[in-house]
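The chain contents come next:
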Amino acid sequence: MGAQDTICALASGTLPSALAVVRVSGPAVYAIGAQLLAEGLPPARRGTLAKFQDADGNLIDEGIVLFFPAPNSYTGEDTLELFLHGGPAVVEHALRALTDLEGVRLAEPGEFTRRAFEAGKLDLTQAEGVADLIEAETLGQKSQALRQLTGGLSDIYAGWRDELMYLLALVEVMVDFPDEGDVSADADAPVRDRLDALIREVTAALGEGWVGERIRDGFRIAIIGAPNAGKSTLLNRLAGREAAIVTSKPGTTRDVIEIRRVLGGQVVWIADTAGLRETEDEIEAEGIRRAKMTADDADLCLLLIDGSDLPSAPPPLPWPDPKGMVVVNKADVLAETPGWASHIISAKDGSGMDRLEADLEARIRSFAGSVEAPAITRARHREKLGRGLAALTSARDALASGLGHELVAEDLRLAIRETQSILGQIGVEDILGAVFSRFCIGK
Ligand SMILES: Nc1nc2c(ncn2[C@@H]2O[C@H](COP(=O)(O)OP(=O)(O)OP(=O)(O)O)[C@@H](O)[C@H]2O)c(=O)[nH]1
Ligand SMILES: [Mg+2]
């Protein structure tokens, strides 16, 4: 991937389409203007009607061309955008004419954005925002991605990095001039106070209940309960299709079966699980272990009770409201109405389902809205921020135990490095490959 190569790709969607946008970026843009545009390059940033031709002078298409001279372009390089008719043959002819030129090749996935990153147009969280925006299917995902793309996360992490740099400067002064001024324990107080505040902030971000990641990857609802309670029937009703096998035999579901839905404007994964009971059966036991894990990881846990075998008291729920909710099923055969259930439904005939779905929707909305601006939207951020927090805690301990300011400084440097790598400012070659390879071609 030489940066000196000029890259080109179809940047718009599946063909055929009304229009197709072919994007070109790199030093060969001037040569392309001279050879492929009958009238040469148009004025900068002005949509201009142009005839595109190949090197033999054959007309490729007539369309609009936009020229963005460096550095004022997405990639920071000279860039062309060709708006062609969206026929597969038109696009093929255009890409062939472009790549026939010296130094021009097809772009790798995400290569335009990678160049933008390398030119300092975007930091890594913003580049991730671009990818998320393209993949966003819900408005919740879209607005989170847009916030990230426009620097919402950059501001948070850059703010922490700057604070850490300031703290490091304070501590380094103490290392270099240990005898200057007042060397009583109180000289550490400003560092300690600011460090404590920072630790509180980062801890709060890490404890935000995964909201950012959930908006991006989907919230999780688990349906659990005794065998035959009707969990699979409920899943099928929520899915609107026969996703799971339903039989009258207890112990039918063995594995976790997940369906994906949009609820309350968010992507939600709903999991049906194996019925919980004591069992000697090895396969069933494994299913039950998975059911419990699924429930632990879920944002919402529906404990489904079989209404045809109603217990006299509400079963204990390991999760307090709002995560746990008790739902009684089989309303159609219910002898008495229990006062302790959040919902009474019949998964079979659909009664009570509207109310249940509305409640699930409201709970998902409230989870999604519980953090105004999540600092973490990916596992990558969580992992690095977690390591940063460990370094901060160690700095605080070193400071408290008087182990020496060199050690405190070293921990602060570690924390700075973690924050910078979230922004893509250091040690990122391996991360870059992982982040950009998931982009689509042309972005
Ligand atoms: N009368 C009535 N029967 C229901 C209702 N919901 C489910 N059933 C029946 O209950 C039986 C068990 O349903 P499933 O959905 O397979 O139950 P499950 O909880 O998934 O069971 P396991 O997978 O064995 O844990 C089936 O015969 C269903 O038809 C309901 O609302 N009313
Ligand atoms: Mg089942």
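Residues numbered from 1 in each chain as written. Chains lettered and ligands numbered in written order. Predicted model: local features only at pLDDT ≥ 70, side-chain atom pairs only at ≥ 80, totals over all residues. Heavy atoms only, no water.

1. A few points about the coordination of the magnesium ion (ligand 2)
- At 2.0 Å from the magnesium ion (ligand 2) lie its protein donor atoms, namely Ser-232 (OG) and Thr-253 (OG1). Here Ser-232 is found in helix α9 (residues 231-239), whereas its partner Thr-253 is found in the loop between α9 and β8 (257-263), with 21 residues between them in sequence.
- Taking relative accessible area as the criterion, Thr-253 reaches 11% and is therefore assigned buried. (Donors = N, O, S within 2.8 Å, 3.2 Å for Na, K, Ca; no water. Helix = DSSP H or I, 4+ residues; strand = E, 2+ residues; numbered from the N terminus. Buried < 20%, exposed > 50% of the residue type's maximum accessible area, 1.4 Å probe, protein only.)

2. Concerning the pairing of strand β1 (residues 6-10)
- Taken across its five residues, β1 has four buried, putting it largely inside the fold.
- In this sheet, strand β6 (residues 104-106) lies alongside β1 in parallel orientation, the contact comprising three bridges. Paired with Thr-6 across the strands is Val-104, a residue of β6.
- One ladder, built from four bridges, connects β1 with strand β2 (residues 17-25); its direction is antiparallel. Directly across from Ile-7, in β2, lies its bridge partner Ser-25. (Pairing = 2+ DSSP bridges.)

3. Let's talk about the sheet that holds strand β3 (residues 48-53)
- Strands sit in the order β3-β4-β5-β2-β1-β6 across an open sheet of six strands; the sheet is mixed. Each of the sheet's edge strands pairs with one partner strand only, and the pair in question is β3 and β6. If you compare each strand with its neighbour and ignore which way they point, the axes differ by 30° on average.
- Bridge count for strand β4 (residues 59-68) against strand β5 (residues 79-86) is five bridges, and the pairing is antiparallel. In the strand pairing of β5, Leu-66 is matched with Glu-81.
- Its contacts with the sheet place helix α3 (residues 111-118) against β1, β2 and β6, and it is angled at close to 135° to β1. (Axes fitted to C-alpha atoms, helices over the stretch in contact; angles between N-to-C directions. Contact = heavy atoms within 4.5 Å.)

4. Some points on the sheet that holds β8
- Taken together, six strands build an open sheet; the order of strands is β8-β9-β7-β10-β11-β12 and the sheet is mixed. Strands with a single pairing partner mark the edges of an open sheet, and in this sheet they are β8 and β12 (343-344).
- In this sheet, strand β10 (residues 300-306) lies alongside strand β7 (residues 219-225) in parallel orientation, the contact comprising five bridges. Looking at β10, one finds that Ile-221 is bridged to Leu-300.
- Contacting β7, β9 (266-272) and β10, helix α10 (residues 282-297) runs over the sheet at an angle of about 140° to β7.

5. Observations regarding unusual backbone geometry
- Cis geometry is adopted by the peptide bond preceding Pro-16, which originates at Leu-15 and carries an omega value of -5°.
- Mapped onto the fold, Pro-16 is located in the loop between β1 and β2.
- In this model, Ala-70 is joined to Pro-71 through a cis peptide bond whose omega is 0°.
- One non-glycine residue, Arg-45, adopts positive backbone phi at about 55°.
- Looking at where Arg-45 falls in the secondary structure, it is placed in the loop between α1 (29-36) and β3.

6. Observations regarding the pattern of salt bridges
- All told, the structure shown has 34 salt bridges when counted by the stated rule.
- One salt bridge in this structure joins Arg-96 and Glu-92, with 2.4 Å as the shortest N-O distance. Linking Arg-96 with Glu-92, this pair stays in helix α2 (residues 88-99), spanning four residues, or about one helical turn.
- The shortest N-O distance in the salt bridge between Asp-299 and Arg-214 comes to 2.9 Å. In this pair, Asp-299 is assigned in the loop between α10 and β10 and Arg-214 in helix α8 (residues 211-217), connecting sequence segments 85 residues apart. (Salt bridge = Lys/Arg side-chain N within 4 Å of Asp/Glu carboxyl O.)

7. Here's the deal with the packing of aromatic side chains
- Using the criterion set out here, one finds two aromatic pairs in the structure.
- Pairing Tyr-30 with Phe-67 gives two aromatic rings, centres 5.7 Å apart and planes at 85°, and the pair type is edge-to-face. Separated by 37 residues along the polypeptide, Tyr-30 in helix α1 and Phe-67 in strand β4 bring together distant segments of the chain.
- When its relative accessible area of 46% is taken as the criterion, Tyr-30 is described as partly exposed.
- In this structure Phe-67 comes out as buried when scored by relative accessible area, which is 6%.
- Here the aromatic rings of Tyr-157 and Trp-160 are separated by 5.5 Å at their centres, their planes lie at 80°, and the arrangement is edge-to-face. Here the residue Tyr-157 and the residue Trp-160 both occupy positions in helix α6 (residues 152-176), the gap between them amounting to three residues, near one helical turn.
- Look at Tyr-157 and you get buried, because its relative accessible area is 0%.
- Take Trp-160: its relative accessible area is 7%, and that puts it in the buried class.
- A cation over a ring is seen here: Arg-23 above Phe-112, with NZ or CZ 5.1 Å from the ring centre.
- Directly above the aromatic system of Trp-210 lies the positively charged group of Arg-382, at a separation of 3.8 Å from the ring centroid. (Phe/Tyr/Trp six-rings, centres within 6.5 Å; stacked < 30°, edge-to-face > 60°. Lys NZ or Arg CZ within 6 Å of the ring centre and 35° of its normal.)

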